[in-house]
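Each chain, letter by letter, is given below.
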Amino acid sequence: MSATRLLVLGVVRMHGKAHGYLVRSELLSWGADEWAHIKFGSIYHALRQLAKEGLLTFTDIAGWPGRVDYEISPTGEEEFLRLLRDALRQGNNRPDMLGAAIVLLPSLRREEAIGLLKERIASLAAEHGGVADRVDETAGEQPDRAHVRELLGLWDHSAASQAAWAQGLIERLEAGAYVMYGENPAS
């Protein structure tokens with residue numbers, strides 16, 4: 001799963017119609033060049049590839065050589081939502097995927113976002129338990145490599161802190177934080 005793919009689809013979807021420079025500007029305003037390691041060229045490559053796959057449609061702009069406007073297709077909408085849901089529910093994904101899910105969270109209805117975050121907590125709990133077992137195995141079976149427990153301990157700590165963060169976000173969403181898909185921002 002690619003964070004660039006999810007983010008580019010999300011920005012085009014958010015704007016309705018977008019050209020490469022707009023997508024790039026939006027992603028830079030989110031700091032995605034740092035936390036998702038998105039490069040300038042990868043945005044244009046992603047736009048072309050997504051159009052080639054039929055996830056985006058495009059229109060050449062007359063009188064503006066080289067400018068192409070993109071719109072998300074119905075298939076692109078399905079792919080965007082699938083990627084977003086998977087990135088939010090899976091506890092063991094990469095930080096760039098979680099970051100993409102967070103910045104695109106308002107694309108989901110409140111109840112769905114809460115449900116996916118609960119799935120994430122369950123996934124992290126399963127992961128957390130597995131790490132503890134491996135820590136014990138490593139210490140007992142390979143005493144000369146007992147320091148590997150530190151890496152496993154880091155993963156354990158990370159899973160626990162991510163679960164606590166997700167629970168806090170659930171509580172904020174349940175309390176009405178953020179304007180989510182289908183909600184009126186003025187209410």
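Residues numbered from 1 in each chain as written. Predicted model: local features only at pLDDT ≥ 70, side-chain atom pairs only at ≥ 80, totals over all residues. Heavy atoms only, no water.

### Observations regarding the overall build of the protein chain
Helix and strand counts for the protein chain come out as eight helices and two strands. When the helices and strands of the protein chain are read in sequence order from the N terminus, they spell out α-α-α-α-β-β-α-α-α-α. Each of the 187 residues in the protein chain was classed as buried or not, and the buried ones make up 39%. Working note: accessible area of the protein chain is about 10300 Å², and carbon and sulfur atoms make up 54% of it. (Helix = DSSP H or I, 4+ residues; strand = E, 2+ residues; numbered from the N terminus. Buried < 20%, exposed > 50% of the residue type's maximum accessible area, 1.4 Å probe, protein only. Areas by Shrake-Rupley, 256 points an atom, 1.4 Å probe, with all protein chains shown as cover.)

### Quick notes on the side chain of Thr-4
Position of Thr-4 relative to the elements: it lies in helix H1 (residues 3–15). By relative accessible area, Thr-4 is classed as buried at 16%. When near neighbours in sequence (up to four residues on either side) are disregarded, Thr-4 contacts Ile-38, Ser-42 and Ala-46. (Contact = heavy atoms within 4.5 Å.)

### As for the nonpolar core
Judged by nonpolar contacts, the single largest core of 44 residues is most densely connected at Leu-6, Leu-7, Val-23, Leu-27, Leu-47, Leu-56 and Leu-173. Those elements giving two or more residues to this core turn out to be H1, helix H2 (20–29), helix H4 (40–52), strand E2 (68–72), helix H5 (74–89), helix H6 (95–103), helix H7 (110–141) and helix H8 (148–174). In terms of residue count, the dominant contributor to this core is H1 (seven residues). Setting aside residues up to four positions removed in sequence, Leu-7 forms contacts with Leu-27, Trp-30, Ala-32, Trp-35, Ala-36, Ile-38, Ala-100, Val-103 and Leu-104. (Core = buried A, V, L, I, M, F, W, Y, C linked by side-chain atoms within 4.5 Å.)

### Focus: the packing of aromatic side chains
Evaluated as defined, the whole model comprises two aromatic pairs. Taken together, a centroid distance of 5.2 Å and an interplanar angle of 65 degrees make the contact between Phe-40 and Tyr-44 edge-to-face. Of this pair, Phe-40 and Tyr-44 both sit in helix H4, separated by four residues, roughly a single helical turn. The exposure class of Tyr-44 is partly exposed, given its relative accessible area of 26%. Taking 6.3 Å as the distance between ring centres and 50 degrees as the angle between the ring planes, the aromatic pair formed by Phe-58 and Tyr-70 counts as tilted. (Phe/Tyr/Trp six-rings, centres within 6.5 Å; stacked < 30°, edge-to-face > 60°.)

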